[in-house]
Amino acid sequence: MKKIREKILYEGKWFRFKETICINKEGKEIRWENFERKSKMKKAVIIIPKLIPSNRYVLIKQYRAAIDDYVIAFPAGICDNNNTEENVLRELKEETGYNGKVKRCSPSLYAFPAVIDSTVKICEVEIDESLKENKNPVQNLEPEEDIEVVLKTKEEIINMFNNCKYKISAALWYAFGVNL
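About the thresholds
- Residues numbered from 1 in each chain as written.
- Predicted model: local features only at pLDDT ≥ 70, side-chain atom pairs only at ≥ 80, totals over all residues.
- Heavy atoms only, no water.
- Disulfide = S-S within 2.5 Å.
- Helix = DSSP H or I, 4+ residues; strand = E, 2+ residues; numbered from the N terminus.
- Buried < 20%, exposed > 50% of the residue type's maximum accessible area, 1.4 Å probe, protein only.
- Pairing = 2+ DSSP bridges.
- Axes fitted to C-alpha atoms, helices over the stretch in contact; angles between N-to-C directions.
- Phe/Tyr/Trp six-rings, centres within 6.5 Å; stacked < 30°, edge-to-face > 60°.
- Lys NZ or Arg CZ within 6 Å of the ring centre and 35° of its normal.
- Salt bridge = Lys/Arg side-chain N within 4 Å of Asp/Glu carboxyl O.

Topic: the state of the cysteines
Tallied over the full model, the rule gives one disulfide. Disulfide partner of C105: C123, at an S-S distance of 2.2 Å. One quick way to see it: the torsion about the S-S bond of C105 and C123 is about 115 degrees, and its sign makes the bridge right-handed. With C105 in strand β8 (residues 101-105) and C123 in strand β9 (residues 119-128), this pair connects stretches of sequence that are 18 residues apart. With relative accessibility at 35%, the residue C105 sits in the partly exposed group. Overall, C123 belongs to the buried group, its relative accessible area being 0%. Between C79, a free cysteine, and C123, which holds the nearest cysteine sulfur, the sulfur-to-sulfur gap is 8.3 Å. Of the residues examined, C79 reaches a relative accessible area of 6% and is grouped as buried.

Here it is in structure tokens:
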């Protein structure tokens, strides 16, 4: 497959919707529709935050306009720069109010390469809930965000999959719902 051209079909605040025209092995023209992030940084982070010593996970319930419903997910966000740890801790603080320490991160992953050009890193974060700054966390949400913090143990998360009235993010289900 060889890309020969692309055409922007729509440009919004955060994304471009475009048509990519390719030539396949048989020499036939193939057309794909996909999204492209407008920002220079095409990276995102998904944060798996765990409170220590209670071993509860910090999840979010966030409104998502694309499905007109709330989704239970891990905190996540777009990177402002190439410093993964800085982006993780900023997004964690903004969406949940918590301060934590990054324990490890995945390599850059393509979450949905058939549709969008961005990558994501999944990072585990420990939050010392005994620290003063984590006793009464205060979110710092952007106007576009409608986020509620949800604290659950691993067992409660697994039980939630069968009894949840909200939608579940793929990353959350994969982290706790798959027994590989």
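Overview of the sheet that holds strand β2 (residues 15-23)
Either a parallel or an antiparallel arrangement is found when strands of a sheet pair, and the pairing is made through backbone hydrogen bonds. On the basis of which strands lie adjacent, the open sheet formed by three strands has the order β1-β2-β3 and antiparallel pairing. Each edge of the open sheet carries a strand with a single partner, namely β1 (2-11) and β3 (29-37). On average, adjacent strands in this sheet sit at an angle of 25 degrees to one another, irrespective of strand direction. Examined bridge by bridge, β1 and β2 share eight bridges and lie antiparallel to one another. Bridging across to β2, E11 finds its partner in R16.

Concerning the packing of aromatic side chains
Per the stated rule, a full pass over the model turns up five aromatic pairs. Judged by centre distance (4.8 Å) and plane angle (75 degrees), the ring pair of Y57 and F176 falls under edge-to-face. You can see Y57 sitting in strand β5 (residues 57-64) and its partner F176 sitting in helix α3 (residues 170-177), a full 119 residues away along the chain. Exposure class is identical for Y57 and F176. Each is buried. Between the aromatic rings of Y63 and Y70, the centroid separation amounts to 5.5 Å while the plane-to-plane angle is 65 degrees, which identifies the pairing as edge-to-face. One aromatic cluster is present, formed by F15, F17 and F35 through successive ring pairs. For K61, the ring lying beneath its charged end belongs to Y70, and the centroid distance is 5.4 Å.

So, the pattern of salt bridges
All chains considered together, the criterion is met by 19 salt bridges. Between E11 and R16 there is a salt bridge, and its shortest N-O distance comes to 3.5 Å. The class of R16 is buried, set by a relative accessible area of 19%. Between E29 and R31 there is a salt bridge, with the nearest N and O atoms lying 2.9 Å from each other.

Quick word on the environment of G100
Along the polypeptide, G100 turns up in the loop between α1 (84-96) and β8. Residue classification places G100 among the partly exposed residues on the basis of a relative accessible area of 26%. It is 31 Å that separates the C-alpha atoms of G100 and I67, two residues lying 33 residues apart in sequence.

As for unusual backbone geometry
Working note: non-glycine residues mostly have negative phi, and peptide bonds are mostly trans. A cis amide bond links I52 with the next residue in sequence, P53, at an omega value of 20 degrees. With respect to the helices, strands and loops of the structure, P53 is situated in the loop between β4 (43-52) and β5. Positioned with a positive phi, D68 is a non-glycine residue whose angle comes to about 50 degrees. Of note, D68 is situated in the loop between β5 and β6 (69-73). By relative accessible area, D68 is classed as exposed at 57%.

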